[in-house]
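Next come the chains, spelled out residue by residue.
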Amino acid sequence: QVQLVESGGGLVQPGGSLRLSCAASGNIFNIDAMGWYRQAPGKQRELVAYTTGAGSTNYADSVKGRFTISRDNAKNTVYLQMNSLKPEDTAVYYCNADIWTKELSKVNYWGQGTQVTVSS
């Protein structure tokens, strides 16, 4: 079994910054894409950013220039640095990863989510 554990959410004022972390652990052989999604109340879950196993990145238009995704493969961890936060960034943020298990099965996993609230 594999677990994705997120941390770093919280309450921040508009214009502020937060850094989310997501650590994968368990039955892991290798990790391909890792990414962050978010879901605001009453809205569908949407992609925020992802990074491939080769290191390329992609961002939602709404966060380009403000958010940066990075990963530490040695720690099986993905980060999301969020700057210039806006009230519309308020949501539950979920980590997602495509993981190859030691049995060489590729499985997609989700974290439990971490709340980010941007408010004055």
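See above for the structure.
Residues numbered from 1 in each chain as written. Predicted model: local features only at pLDDT ≥ 70, side-chain atom pairs only at ≥ 80, totals over all residues. Heavy atoms only, no water.

**Some remarks on the side chain of Arg38**
So, point 1. By the secondary structure assignment, Arg38 is in strand S4 (residues 30-39).
So, point 2. Within the structure, Arg38 has its side chain in polar contact with the side chain of Ser62 (distance 3.4 Å).
So, point 3. Engagement of the side chain of Arg38 in a polar contact is seen with the side chain of Tyr93, the distance being 2.9 Å.
So, point 4. The contact partners of Arg38, leaving out residues within four places of it in the chain, are Gln44, Arg45, Glu46, Val48, Ser62, Val63, Phe67, Glu88, Asp89, Ala91, Val92 and Tyr93. (Helix = DSSP H or I, 4+ residues; strand = E, 2+ residues; numbered from the N terminus. Polar contact = N/O pair within 3.5 Å; in protein donor to acceptor, adjacent residues only side chain to side chain. Contact = heavy atoms within 4.5 Å.)

**A word on the packing of aromatic side chains**
So, point 1. Considering all chains together, one arrives at 2 aromatic pairs under this definition.
So, point 2. Summarising the aromatic geometry, the rings of Tyr37 and Trp110 are spaced 5.0 Å apart at their centres and angled 65° between planes, so their arrangement reads as edge-to-face. Residue Tyr37 is found in strand S4, and its partner Trp110 is found in strand S10 (residues 106-110); the two are separated by 73 residues along the sequence.
So, point 3. Residue Tyr37 is classed as partly exposed on the basis of its relative accessible area, which comes to 24%.
So, point 4. Classification of Trp110 as partly exposed rests on a relative accessible area of 38%.
So, point 5. For the ring pair Tyr94 and Trp110, a centre distance of 6.5 Å and an interplane angle of 85° mean the geometry is edge-to-face. In this pair, Tyr94 is assigned in strand S9 (residues 91-100) and Trp110 in strand S10, connecting sequence segments 16 residues apart.
So, point 6. A relative accessible area of 15% places Tyr94 in the buried class.
So, point 7. Put simply, the rings of Tyr37, Tyr94 and Trp110 touch in pairs and so form one group of aromatic residues.
So, point 8. Cation over ring: Arg45 sits above Tyr94, and NZ or CZ is 3.7 Å from the ring centre. (Phe/Tyr/Trp six-rings, centres within 6.5 Å; stacked < 30°, edge-to-face > 60°. Buried < 20%, exposed > 50% of the residue type's maximum accessible area, 1.4 Å probe, protein only. Lys NZ or Arg CZ within 6 Å of the ring centre and 35° of its normal.)

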